[in-house]
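Listed here are the chains, written in short residue letters.
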Amino acid sequence: MKPFSEASERNRAPILTVLKRIFANTRTVLEIGAGTGQHAAYFAAALPHLVWQASDVAEHLAGIREWIADPAPIELDVDKPWPDVQADAVYSANTSHIMSWPQVERMFAGIEKMAPAVLAIYGPFNYNGRHTSESNARFDAMLRSRDPASGLRDFERIVELAARHGLLLAEDNAMPANNRLLVFRKATP
């Protein structure tokens, strides 16, 4: 059965509005943590000038293939050596809060080695160490009850981590349901 996420269906259009603008001059995007594959299918169809390379851990690849076959999704696990992928942009949705902080750090280290011009990260974030809504507080508590190493990340720590890996915050876009779409650009020497 084809995997499906109601949240992916709800959030794809607002995300696409930003991606059309920030990926206008992009040719290849690596999606880290493609999940069900719904975003990959939708964004690839809506942005035909791009090659949209979906990736995820091995156990999700079969489901992603139900949504998109060309190019075939690839395995990318931040705890393993990264595949050799050439992409001038990276997109990741709803990943940093389901990983441990050391895994988030490894994700940014892997992204730095690719040296993309643009990085877009979607999801809920805390600001100044605080939840931005009651629903985000409940979501964070649920995540931490399942895995104490996961949970909503602080916006400021993500921005600092990105800067350590050569990516500077360019945009902080408000999205529906108390989510954000953070856009980083490669720092110029």
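Relevant structure appears above.
Residues numbered from 1 in each chain as written. Predicted model: local features only at pLDDT ≥ 70, side-chain atom pairs only at ≥ 80, totals over all residues. Heavy atoms only, no water.

### Some thoughts on the overall build of the protein
- A count of helices and strands for the protein gives 6 helices and 9 strands.
- Taken over C-alpha atoms, the radius of gyration comes to 15 Å for the protein, in line with the 16 Å a tight globule of 189 residues would show.
- Viewed in the frame of its principal axes, the protein has a C-alpha envelope of about 50 × 40 × 35 Å.
- Taking all 189 residues of the protein together, the buried fraction comes to 48%.
- The average position of the 20 basic charges and that of the 22 acidic charges among the side chains of the protein differ by 3 Å. (Helix = DSSP H or I, 4+ residues; strand = E, 2+ residues; numbered from the N terminus. Rg over C-alpha atoms; globule rule 2.2 N^0.38 Å. Buried < 20%, exposed > 50% of the residue type's maximum accessible area, 1.4 Å probe, protein only. Lys, Arg positive; Asp, Glu negative; His and termini not counted. Charge placed at Lys NZ, Arg CZ, Asp CG, Glu CD.)

### Digging into the nonpolar core
- Of all hydrophobic cores here, the largest spans 26 residues; its most connected members are Leu-19, Phe-23, Trp-52 and Tyr-91.
- When residues of this core are traced back to their parent elements, those giving at least two are α1 (6–22), α2 (38–46), β2 (51–56), α3 (61–67), β4 (89–93), β5 (118–123) and β9 (179–186).
- For this core, the leading source of residues is α1, giving 5 residues.
- Setting aside chain neighbours within four positions, we find Leu-19 in contact with Ala-24, Phe-43, Leu-47, Trp-52, Tyr-91, Ala-120 and Leu-181.
- With 25 residues, the next largest nonpolar core counts Val-90, Trp-101, Val-104 and Phe-108 among its residues. (Core = buried A, V, L, I, M, F, W, Y, C linked by side-chain atoms within 4.5 Å. Contact = heavy atoms within 4.5 Å.)

### Here we look at the packing of helix α4 (residues 101–114) against helix α6 (residues 155–164)
- Packing of α4 against α6 brings their axes to within 9 Å, and their N-to-C directions diverge by 35 degrees. Once α4 is placed against α6, the crossing between them reads as right-handed. Residue-level inspection shows Trp-101, Val-104, Glu-105, Phe-108 and Glu-112 of α4 in contact with α6, the latter providing Arg-157, Ile-158, Leu-161, Ala-162 and Arg-164.
- Residue composition of the contact of α4 with α6, by class: 6 nonpolar, no polar and 4 charged. (Axes fitted to C-alpha atoms, helices over the stretch in contact; angles between N-to-C directions. Left-handed = near helix turned anticlockwise from the far one by under 90°. Nonpolar A, V, L, I, M, F, W, Y, C, P; charged D, E, K, R; others polar.)

### So, the layout of surface pockets
- Its volume calculated, the largest pocket comes out at about 970 Å³.
- The wall of the largest pocket is formed by 39 residues, among which Ala-93, Asn-94, Thr-95, His-97 and Ile-98 lie closest to the centre.
- Considering each element in turn, the lining of the largest pocket owes the most residues, 6 residues, to helix α5 (residues 134–146).
- Its residues placed into classes, the lining of the largest pocket shows 16 nonpolar, 17 polar and 6 charged. (1 Å grid on protein atoms, 1.4 Å probe; cavity = no way out; pocket = protein on both sides within 12 Å on 5 of 7 lines; lining within 4 Å. Points joined across faces, edges and corners; volume = space filled by probe spheres on them.)

### Thoughts on the packing of aromatic side chains
- If you walk through the whole model with that rule in mind, you get 6 aromatic pairs.
- Between the aromatic rings of Phe-43 and Tyr-91, the centroid separation amounts to 5.5 Å while the plane-to-plane angle is 85 degrees, which identifies the pairing as edge-to-face. Residue Phe-43 is located in helix α2, and its partner Tyr-91 is located in strand β4; the two are separated by 48 residues in the primary sequence.
- Here Tyr-91 falls in the buried class, since its relative accessible area comes to 0%. (Phe/Tyr/Trp six-rings, centres within 6.5 Å; stacked < 30°, edge-to-face > 60°.)

### Some points on the sheet that holds β4
- Spatially, the 7 strands line up as an open sheet ordered β3-β2-β1-β4-β5-β9-β8, and their pairing is mixed. The open sheet has two free edges, formed respectively by β3 (74–75) and β8 (167–175), since each of these has just one partner strand.
- Packing of α2 onto the sheet brings it into contact with β1 (28–32), β2 and β4, and relative to β2 it is tilted by some 175 degrees.
- Its contacts with the sheet place α6 against β8 and β9, and it is angled at close to 150 degrees to β8. (Pairing = 2+ DSSP bridges.)

### Some thoughts on unusual backbone geometry
- A cis amide bond links Asp-70 with the next residue in sequence, Pro-71, at an omega value of -5 degrees.
- Notably, Asn-94 is not glycine yet its phi reads approximately 55 degrees, a positive angle.
- Its location among the elements puts Asn-94 in the loop between β4 and α4.
- In this structure Asn-94 comes out as partly exposed when scored by relative accessible area, which is 28%.
- Backbone geometry at Ala-115 places phi at a positive 55 degrees, although glycine is not the residue there.
- Within the fold, Ala-115 resides in the loop between α4 and β5.

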